[in-house]
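An overview of the molecular structure
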Amino acid sequence: MKLELAILKLNESQQFDQIVFWGKIEGISRDYYIVVGLKFRQQYEFPHKTFFWCNEEFRFAELPPINREHKDKVDGIRTLFSGDHTKVLIKVVDEDDPNRPPDVNPDQQADVDPEKKLLEDTDDEKELKVTPKNFTELDRLAYVIRAIDIDCSVIPVGAFRLTPNHELRYNDEFRGLSIPESENLHNYMHFRNPQTIEKQEYIAREEALFFYDFLDPIDKDLPYGCWALHKDASKTIATIRSLLWPGYIAYHRANSNIFGGVYIGNGIKNVDLPFLL
Amino acid sequence: SINVDYLLRAHRNHKGVSLYEHLAMVINQISKDAKSKDCFENFEKIMDFVEKNHFKYKAPLSDHEVNHPRKVKSEIHEWLEDSIAFLRKLPPRSIPAPPLPKDAKYAPNLLLESRLFETVGIYFGEEETYLLNKAMLKLLNETNAVSVRFWGKILGRSRSYWVIEGQVPADNPDPLPLPYERFGQGVNALTYWVANDVQGHWHELPAISPEHIKRARTAKHIMTGHLNAKVDVYPPFPGVEKHYLKAQIVRITYSTVIAPNNFYKANDEDATKIEISEEFAMPGTEELKSLENWVHVHPNILEAGRITHLEPQVGPEEDKDEVMNKILTADPIKERLRPLSEDNPFTGFEANWLVRVHGDTQVFNMADKDEGKSTTYAVLALRPLTWPGACVIANNNTWSHIYVGYGIKAGGLPFFPIAPNDIMVEGVEQDEMPEPNPKNPLPEPLEPNSDDEGKKKDENGNVIDDQDDA
């Protein structure tokens, strides 16, 4: 209930077309709840997504943009999230920082001096250098959430359509996939800016207005077999699970316009996947 | 060549008019209008006109058809029938019930326990939980099981497995070949039933051998959901998916089933057996948060893949005890009921288990008969880090286990496949020699005749004399 109230409060302060509960990233001591605000109108080709996060106190804050510097190291971090968003994961040592703590090892003292001499030569470059920021857990959260969103976010074909202004809109006529159609992975697409050249050309050629499959389908994702589609016993509900990001589930009820997806997990990518299949 | 006639008759529009008929009618219409000179310019209009104004007579439904429409089976018909059959009252037992020991047949009330798991975040929905409860009761009714418990769910690629664990009394089981541990003992002590659909058929998993456990340790594999599927790993797994599934289930159970301290005590006579101790008071949530107050219930699985070591086969010179001692030092049997705080900590953490409190942590004072004590309604969740997906929940009355996951052990390090063995060097190839036959002695190799140098020789070195025409 607190989550609902917090989401409504968020809606008051910012104007979004739709606010969706994106999921939850579980940490050791606390969990992070993530919601995403979508703005469809006046956006060319794809709605703008703004992510908000909060912990169990339910005060939402906007997720910071990705810290490009440490982007490559994030994939190597395979430990759980601790729950403390200020926790520093990669400490950046600033060489120009006068407050830098001296090297603890006395054997290395001799090495410090020649280093300092070099630094003095680069004095004029000091002002241009941007102070590198420590990489905190919040930055890792920002990266992981966006990575999950790009890799997952599954919707059935026909749920959205492109208007002549190239805006993405919900398709009011969507009646749902039929029971046999919902068993086929080809009928599901990624809810993201199309990344395959094929689909981008499709949109550029203006054909996407008349067809519904103008976004990337999920059955071409590598590694092949990374999506597990399950039907429930009555065969009407299809759930698609991602094996690459364990914890992401998308669902769709056949012959209805009920669909959605959510991520509830620990935010660790399953990089061993090619060996497991 | 394309059969135009066939093509035209084959294409039909949604009213059932074929292209052939349509063209015929258009031409008919034009011929009626022969005097007009605009036939060509108005061709499209004529076509449109003909299409819209065509009347096809369809006989109305007869009386019989309207009053008794044919029943069309809906797509979920089969599932409906199955569900209704599943939920019927259970029939009386078909096989005689096993004699009840002191603790009679037991199946937990899943609906109550699932409320506790819901607080932690593991919930299958009310409907599914009720169906699971019903399936457990059915298993008790139809098999020799003495007690059952819901073990959990193993997710797979195309289907998932629901798993129920049960205790079946092991008098006179079929003998299994030697490295296997006897049914009812060791790794085969508990029986597991799996099903893809809760309402469907529950299959009993077979007994497994130590080899299965050893190979399951190196194999990292996501199951497909089909019991007889091949497990495609290197080094190769000696069995199909049902053996791998059973091995993983046994490993998970033996590592993660725990109990509060003092619930079990070691049997006075045999230190390897345990029994429920009479004086036991459930500790409060505060005490349960500390890992020292929890102990492992099951014995550890040895490196050899069994619980107890096999009697070693010794040669006449070796002393049996000495060999046994060597095996034991390499592969020790750990003490039963060892506390969780002694587990090897997971890389980067202090312990192997994560403890978290969920729910309302307000401390209340107890009323009436428990006056003076305090309790909370919070639920404690303990999760092992080596087996992500397993969860033990405890509150001030009871505790319970569950597993929901892919059945993969967490390592911390990324998976490196094991390199195959070095390719053996090929042996030295020996020259071919003709077969010695005492009846036809080999012609001794003649010294090459200097006369023969320019002449052709066949494979044995004999000169081919092709000048011989006789």
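Above this note sits the structure.
Quick summary incoming for the structure in this document. All figures in this text were calculated on a predicted structure; none of them were measured in a lab.

Rules behind the numbers
Residues numbered from 1 in each chain as written. Chains lettered and ligands numbered in written order. Predicted model: local features only at pLDDT ≥ 70, side-chain atom pairs only at ≥ 80, totals over all residues. Heavy atoms only, no water. Helix = DSSP H or I, 4+ residues; strand = E, 2+ residues; numbered from the N terminus. Buried < 20%, exposed > 50% of the residue type's maximum accessible area, 1.4 Å probe, protein only. Contact = heavy atoms within 4.5 Å. Areas by Shrake-Rupley, 256 points an atom, 1.4 Å probe, with all protein chains shown as cover. Phe/Tyr/Trp six-rings, centres within 6.5 Å; stacked < 30°, edge-to-face > 60°. Buried area = accessible area lost by both parts, 1.4 Å probe. Salt bridge = Lys/Arg side-chain N within 4 Å of Asp/Glu carboxyl O. Polar contact = N/O pair within 3.5 Å; in protein donor to acceptor, adjacent residues only side chain to side chain. Patch = residues over 30% accessible without salt bridge, like charges linked within 9 Å, V, L, I, M, F, W, Y side chains within 5 Å. Lys, Arg positive; Asp, Glu negative; His and termini not counted. Charge placed at Lys NZ, Arg CZ, Asp CG, Glu CD. Pairing = 2+ DSSP bridges. Axes fitted to C-alpha atoms, helices over the stretch in contact; angles between N-to-C directions.

As a further point, take the overall build of chain B. Tallying secondary structure elements over chain B gives eleven helices and 14 strands in all. Every one of the 470 residues in chain B was classed for burial, and the buried ones make up 35%. Across chain B, contacts joining residues at least 24 apart in sequence account for 61% of those joining residues at least 6 apart. Accessible surface, chain B as shown: approximately 31,500 Å² in total, 53% of it carbon and sulfur.

Residue and element names in this part refer to chain A. By the definition in use, this model includes 15 aromatic pairs over all chains. Seen from their ring centres, F16 and F52 are 5.9 Å apart, and the 75° between their planes marks the pair as edge-to-face. Within this pair, whereas F16 is found in the loop between α1 (2-13) and β1 (18-26), its partner F52 is found in strand β3 (residues 48-54), the two being separated by 36 residues in sequence. Within the aromatic cluster, the residues linked to one another by ring pairs are F160, Y170, F174, F191 and F259.

Once that is clear, we can look at the interface of chain A and chain B. With 26 residues of chain A at the interface, the matching set in chain B holds 25 residues. Summed over both sides, the interface of chain A with chain B buries roughly 2,100 Å², with 58% coming from carbon and sulfur. Its largest share of buried area at the contact with chain B, chain A owes to A:I28, A:F275 and A:L276, together 25% of the area lost on that side. The residue B:R356 makes a salt bridge to A:D31 at a minimum N-O spacing of 3.1 Å. In this assembly, chain A and chain B are joined by five residue pairs in polar contact (both at pLDDT 80 or more).

Turning to a negative patch on the surface, a few remarks are in order. Residue and element names in this part refer to chain B. Residues E78, E81, D82 and D197 make up a contiguous surface patch of negative charge. Here E81 is to be found in helix α5 (residues 77-86). Overall, the relative accessible area of 47% leaves E81 in the partly exposed class.

Residues and elements named next belong to chain A. Within the open sheet, the eight strands sit side by side as β4-β3-β2-β1-β14-β13-β12-β11. Their pairing is mixed. Each of the sheet's edge strands pairs with one partner strand only, and the pair in question is β4 (61-62) and β11 (227-231). Sheet analysis places β1 next to strand β14 (residues 259-265), joined by three bridges and oriented parallel. Along β14, the bridge assignment pairs K24 with I264. Its contacts with the sheet place α1 against β1, β2 (31-39) and β3, and it is angled at close to 135° to β1.

All quantities given are derived from atomic positions and should not be read as evidence of function.
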